[in-house]
Amino acid sequence: MNATRSPPPLLNTLTPSRRTAFNRAFAAVYTCAIVALFCRHTQTLLRSKTFVSFYVTLALFVSDLILAFMWVNGQAFRMRPVYRKEFPENIEKVVKTSDLPGLDVFICTADPYKEPPMSVVNTALSVMAYDYPTEKISVYVSDDGGSAFTLFAFMEAARFAAHWLPYCRENDIDKRSPDEYFADNYSRSSETEKIKKMYESMRMKVEHVVGIGKVGEEYITSDEDRQAFSKWNSDGFSRQNHPAVIQVILDKNRDKDITGHCLPNLVYVSRQKNKTFPHHFKAGALNVLVRVSAAMTNAPVILTLDCDTYSNDPRTPLRALCYVLDPEMQKNLAYVQFPQEFHGLNKNDIYACEHKRLYKIQQVGLDGLSGPNYLGTSCFFRRRALFGGPSTMVSPETKDLSPDYVVNQPITAPSVLELAHHVAGCNYESHTKWGSKIGFRYGSLSEDYHTGYHMKCEGWRSLFCYPEKPAFLGDVPCNLLDVLGQNKRWAIGLLEVAFSRYNTITYGVKAIGLLMGLAYSFFAFWPTYAIPIITYSFLPQLALLNGVSIFPKVSEPWFLLYIFLFLGSYGQDLFEFVIHGGTMHRWWSDQRMWMMRGLSSYMFGITEFFLKSIGIPTQGFNVTSKVIDDEQSKRYEQGLFEFGVPSSLFVALAMAAMINLSSFIMGLINFLKGNREGLVMQLVLTGSIVMNCLPVYQAMVLRSDKGKMPLKTTIRAAILASAVYVVASPFSK
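Residue indices follow the written sequence of each chain, beginning from 1 at its first position. pLDDT decides what is reported in this predicted model: residues at 70 or higher carry local features, side-chain atom pairs at 80 or more are listed and counted, and totals for whole chains, interfaces and linings draw on all residues regardless. Excluded from the side-chain calculation are hydrogens and water; included are all heavy atoms of the structure.

Under an unreviewed UniProt entry, the protein chain has the name Cellulose synthase-like protein G3 and belongs to Hibiscus sabdariffa. UniProt lists a comment for the protein chain under the heading Subcellular location (unreviewed entry), and it reads "Endomembrane system". UniProt positions are given in the numbering used here, feature names are shortened, and annotations may be inferred rather than shown by experiment.

Okay, here's the thing in structure tokens:
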């Protein structure tokens, strides 16, 4: 009698959300309410007797049409949300440690002053110390700033890694970013204090070098160091139009830690740049890393990380492998996306940098369809997914870069280094398929969204791994201008996809199906929220200033429809926000920033996109600063908004604040005089915007610190707000 074969160890499970049925029923009811709203708008348009009433109704109609379009797109996230659970402890039962796939880690940085080298070093050290065979880990650091400071920091980090990795392994610590570990309540011992002293010494050296602007002779301790830094000028930065610089800092076949274990490969890459060739920003840097790593190690799994996103769980690769090694998923799985999570958020997350919907709620919804979008960091790719669809591989121009090519030479072999330098050249991609059919996609500042979207169109799927303990933690900007600037850049990148030949509606729906097409349309047309936000931030308020009612009266049946639409949308949104770990205060912050982004980032993003489309040069790409100013940090912790730098992005916010406060006061006076029924909805809307603008009023009038709004910005906003009121007043009569 044959023995019963035991089932294979379970690597992961999937559980559909219990809210799915409610979401679908609510969507049906809410759709009927939206149809009724447009019936009212149509009736009002047809009955308009004046020029002003017609165009006011038309503006509200267009704004509500955009809101309805975005709401319909957003329902795709609610049709089949799922939750996954993985069992990394079972990996060793499925595959031998020696047979685990190699892991190439990509970390991109571009400016040592906005992205401090020590932050990048901590990110690299946290993944080098993974609970994973070190001989299978290779870390590639792309330095688009071509900075000697970054190279120096990593040469120092390599020496420290020989002590840090065995310390993490022997003490089984969870936080393997040294900066985070020593900032926490770590267990003190003579060994720990020794390691801390080494880390502090390294940090002081690196920060001193950045501070004085050059790598001094006292820090060059060997001929190898001298040769490495000979490529840089005395000011610490590489020469203009420099050739590609590839420095093997650690080689697993050569370098050992203090216990005799091999260290992971660590490779510094500064690609060649020339003004006559496009460099395609981060997507271009990532594609260089794909090629350089293919020439040197060609691991089948790739992890992409932002320079400030450190690993918070040393077992994270094993979690990803619970899906990558699952035979039922291997055929068409492109990547495993972890949520972006952050440390350093203040209590109420005043700038809504957590992005709970984008990084968690919506990705859970996408996971029930064909998988989450690529979020730009914290993502494990199968290298094969970067080379065409699952059934039709697009071969690179040389077999040495093919995802199935086996590198059988050490990374320091002359032929390997020669190929690596060649593929990092600025003109290598000319007349190739890189950026269009192979690798990370060009054509959008939002290269993460663009790449994930194209992978779905090619037939790949992805998975969302959402463990209870954050797998990665990143930094957040504590400066409002950086937050709005970052969102403006995203807006431009999304519009570049929305108005391309790969439009998510005309192309996407056919390629990936209706629900996924709607979901990607929600992201692509995200900046169009600017139109209804601007409309509802100014039009009802200007009418209220002149005593004109544009919404239904309380006694009319249509009033109940507006109440249902408002409470239904916001109620469902608040419920989802809270059950995913949010608080009421953070939800309110999120609503406030949605309004602020619409009045500034999205509006300027749309403007810059269309100017760029007709050939008018715009500001271009700016790296978001990761440097934390002590005074700004203190104000951020206190929950104070940072308006201290004059910026056009703040003018529209100040204008909206002024007009809404004036209209609320005037409307309240009219309300108390007896004109109550017709102005209730406008008063409620204006009052809620006034509440959202409290930080703006505080910055304009009440504060005296460096974060207050510059007088120049306030005056410009006051002049423009007055002009808008003067222009609008005659039309209300």
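After presenting the structure, the write-up continues.
Draft legend 1. View of the overall build of the protein chain. If you tally the helices and strands in the protein chain, you get 24 helices and 12 strands. For this measure, only C-alpha atoms enter the radius of gyration; the expected value for a globule follows 2.2 Å times N^0.38, where N is the number of residues. Scaling as 2.2 N^0.38, a compact globule of 733 residues should have a C-alpha radius of gyration of about 27 Å, and the protein chain matches this with 28 Å. If you line up the protein chain on its principal axes, its C-alpha atoms span 85 × 75 × 55 Å. We call a residue buried when its accessible area falls under 20% of the maximum for its residue type, exposed when it is over 50%, and partly exposed in between, using a 1.4 Å probe and counting protein chains only. Looking at the protein chain as a whole, 58% of its 733 residues are labelled buried. Residue contacts follow a heavy-atom distance rule, with two residues in contact if any of their heavy atoms lie within 4.5 Å. If you take every contact in the protein chain between residues at least 6 apart in sequence, the share linking residues at least 24 apart comes to 81%. Note on areas: these come from Shrake-Rupley sampling with a 1.4 Å probe, and a residue is covered only by the protein chains present in the view. Total accessible area computed for the protein chain in this model is approximately 31,400 Å², and 59% of it derives from carbon and sulfur atoms. Asp and Glu are treated as the negative residues and Lys and Arg as the positive ones, with His and the ends of the chain left uncounted. Note on charges: their place is set at NZ of Lys, CZ of Arg, CG of Asp or CD of Glu. Positive and negative side-chain charges of the protein chain, numbering 74 and 65 respectively, have mean locations separated by a distance of 8 Å. Helix and strand assignments follow DSSP, with helices taken as H or I runs no shorter than four residues and strands as E runs no shorter than two, numbered in order from the N terminus.

Draft legend 2. Spatial organisation of the UniProt feature "transmembrane region" (unreviewed entry) in the protein chain. This chain's UniProt record puts "transmembrane region" (unreviewed entry) on residues 20-39, 51-72, 507-526, 533-552, 558-579, 599-616, 649-672 and 679-701. For the annotated span residues 507-526, helix accounts for 85% and strand for 0% of the residues, and the straight-line distance between the end C-alpha atoms is 18 Å. Note that residues 679-701 is 91% helix and 0% strand, and that its end C-alpha atoms are spaced 29 Å apart.

Draft legend 3. Spatial organisation of the packing of helix α21 (residues 648-673) against helix α24 (residues 711-728). Convention adopted: a line fitted to C-alpha atoms gives each axis, helices being fitted over their contacting stretch, and angles between N-to-C directions are expressed from 0 to 180 degrees. Remark: α21 packs on α24, axes separated minimally by 8 Å, with the N-to-C direction vectors making an angle of 55 degrees. By the angle class used here, α21 and α24 are oblique. For α21 against α24, the interelement crossing comes out right-handed. In contact with Ser-648, Phe-650, Val-651, Ala-654, Met-655, Met-658 and Ile-659 of α21, α24 contributes Thr-713, Thr-714, Arg-716, Ala-717, Ala-718, Leu-720, Ala-721 and Val-724. The scheme is simple: roughly parallel for angles under 35 degrees, roughly antiparallel for over 145, roughly perpendicular for 65 to 115, oblique for anything else. Less than a right angle of anticlockwise turn of the near helix away from the far helix marks a crossing as left-handed, whereas a clockwise turn marks it as right-handed.

Draft legend 4. Structural context of the nonpolar core. Core analysis: the biggest nonpolar cluster contains 75 residues, and Tyr-351, Phe-523, Met-593 and Phe-643 have the highest contact counts within it. Each residue touching Met-593, except ones within four places of it in the same chain, is listed here: Ile-350, Tyr-351, Ala-352, Leu-480, Val-483, Leu-484 and Phe-641. Among the nonpolar cores identified, the runner-up in size contains 73 residues, and Phe-160, Cys-168, Leu-318 and Leu-463 belong to it. To qualify as a nonpolar core, a set must consist of buried Ala, Val, Leu, Ile, Met, Phe, Trp, Tyr and Cys residues joined through side-chain atoms within 4.5 Å.

Draft legend 5. Summary view of the sheet that holds strand β11 (residues 461-464). As summarised here, the arrangement of the eight strands in space is β5-β6-β4-β3-β7-β10-β9-β11, forming an open sheet in which the pairing is mixed. Every interior strand has two partners, whereas the edge strands, β5 (245-250) and β11, have only one. Strand-to-strand twist in this sheet, taken as the mean axis angle between neighbours without regard to direction, amounts to 20 degrees. Here, a strand pair is defined by DSSP locating no fewer than two bridges between the strands. Sheet topology note: the strand β7 (residues 301-306)/strand β10 (residues 379-382) ladder contains four bridges and is antiparallel. Residue pairing for β10: Ile-302 is matched across the bridge by Phe-381. The strands that helix α4 (residues 117-128) touches are β3 (103-109), β4 (137-143), β5 and β7; relative to β4, the one it contacts most, it runs at about 165 degrees. Packing of helix α9 (residues 281-296) onto the sheet brings it into contact with β3, β4, β5, β6 (265-270) and β7, and relative to β3 it is tilted by some 145 degrees.

Draft legend 6. Structural detail: the packing of aromatic side chains. Two rings from Phe, Tyr or Trp (for Trp, the six-membered ring) form a pair when their centres are within 6.5 Å of each other. A pair whose planes differ by under 30 degrees is stacked, one over 60 is edge-to-face, and the rest are tilted. One pass over the full model with this rule turns up 57 aromatic pairs. Each ring, one from Tyr-167 and one from Tyr-181, has its centre 6.0 Å from the other, and the planes form 70 degrees; the classification is edge-to-face. Of this pair, Tyr-167 sits in helix α5 (residues 148-171) while Tyr-181 sits in helix α6 (residues 178-183), and the two are 14 residues apart along the sequence. Summarising the burial analysis for this pair, Tyr-167 and Tyr-181 share the class buried. For the ring pair Phe-609 and Phe-610, a centre distance of 5.0 Å and an interplane angle of 70 degrees mean the geometry is edge-to-face.

Draft legend 7. Representation of the pattern of salt bridges in the model. Any carboxyl oxygen of Asp or Glu that lies within 4 Å of a side-chain nitrogen of Lys or Arg is treated as forming a salt bridge with it. Under the counting rule described, the total for this entry stands at 33 salt bridges. In this structure, Arg-383 and Asp-104 form a salt bridge, with 2.7 Å as the shortest nitrogen-oxygen distance. Taken together, the residues span a long stretch of sequence, with Arg-383 in the loop between β10 and α12 (414-423) and Asp-104 in strand β3 at a distance of 279 residues. Comparing Arg-383 with Asp-104 shows no difference in burial state: the two are buried.

Draft legend 8. The arrangement of helix α16 (residues 514-524) in detail. Summarising burial for α16: nine of the 11 residues are buried, a large majority. Burial in α16 covers these residues: Met-516, Gly-517, Leu-518, Ala-519, Tyr-520, Ser-521, Phe-522, Phe-523 and Ala-524.

Draft legend 9. Just the packing of helix α17 (residues 530-545) against helix α19 (residues 584-613), in detail. For the pair α17 and α19, interaxial distance at closest approach is 8 Å and the crossing angle is 125 degrees. Classified by the angle between their axes, α17 and α19 sit oblique to one another. The way α17 lies across α19 gives a crossing that is left-handed. On α19, the residues that touch Ala-530, Ile-533, Ile-534, Ser-537 and Phe-538 of α17 are Trp-594, Met-595, Gly-598, Leu-599, Tyr-602, Met-603 and Ile-606. Class assignment of the residues belonging to the contact of α17 with α19 gives a composition of 10 nonpolar, two polar and no charged. Ten residues, namely Ala, Val, Leu, Ile, Met, Phe, Trp, Tyr, Cys and Pro, are considered nonpolar, four, namely Asp, Glu, Lys and Arg, are considered charged, and the remaining ones, Gly among them, are considered polar.

Draft legend 10. Examining the environment of Lys-634 more closely. Of note, Lys-634 is situated in helix α20 (residues 630-637). Put simply, Lys-634 and Cys-478 are 156 residues apart on the chain and 9.6 Å apart in space, counted from C-alpha to C-alpha.

Draft legend 11. Structural context of a nonpolar patch on the surface. The patches described consist of residues with a relative accessible area above 30% and no salt bridge, like charges being joined within 9 Å and nonpolar side chains (Val, Leu, Ile, Met, Phe, Trp, Tyr) within 5 Å. Together, Leu-661, Ile-665, Met-666 and Ile-669 line one region of the surface with nonpolar side chains, adding up to about 310 Å² of accessible area. Along the chain, Ile-665 turns up in helix α21. Overall, Ile-665 belongs to the partly exposed group, its relative accessible area being 46%.

Draft legend 12. Structural detail: the pairing of strand β9 (residues 333-337). Of all five residues in β9, five are buried, a share of seventy percent or more. Across three bridges, the pairing between β9 and β10 is antiparallel. Opposite Gln-337, over in β10, you have Cys-379 as the bridge partner.

Draft legend 13. Structural view of the environment of Arg-315. Take Arg-315: it is sitting in the loop between β8 (310-311) and α10 (316-324). With 129 residues separating them along the chain, Arg-315 and Tyr-186 place their C-alpha atoms 20 Å apart. If near-sequence neighbours (up to four positions away) are discounted, Arg-315 is found in contact with Pro-88, Glu-89 and Asp-131.

Draft legend 14. Fine view of the side chain of Ser-446. The topology assignment puts Ser-446 in the loop between α12 and α13 (447-457). Residue classification places Ser-446 among the buried positions, given a relative accessible area of 5%. For Ser-446, the residues in contact, after removing those within four places along its chain, are Arg-489, Trp-490, Gly-493 and Leu-494.

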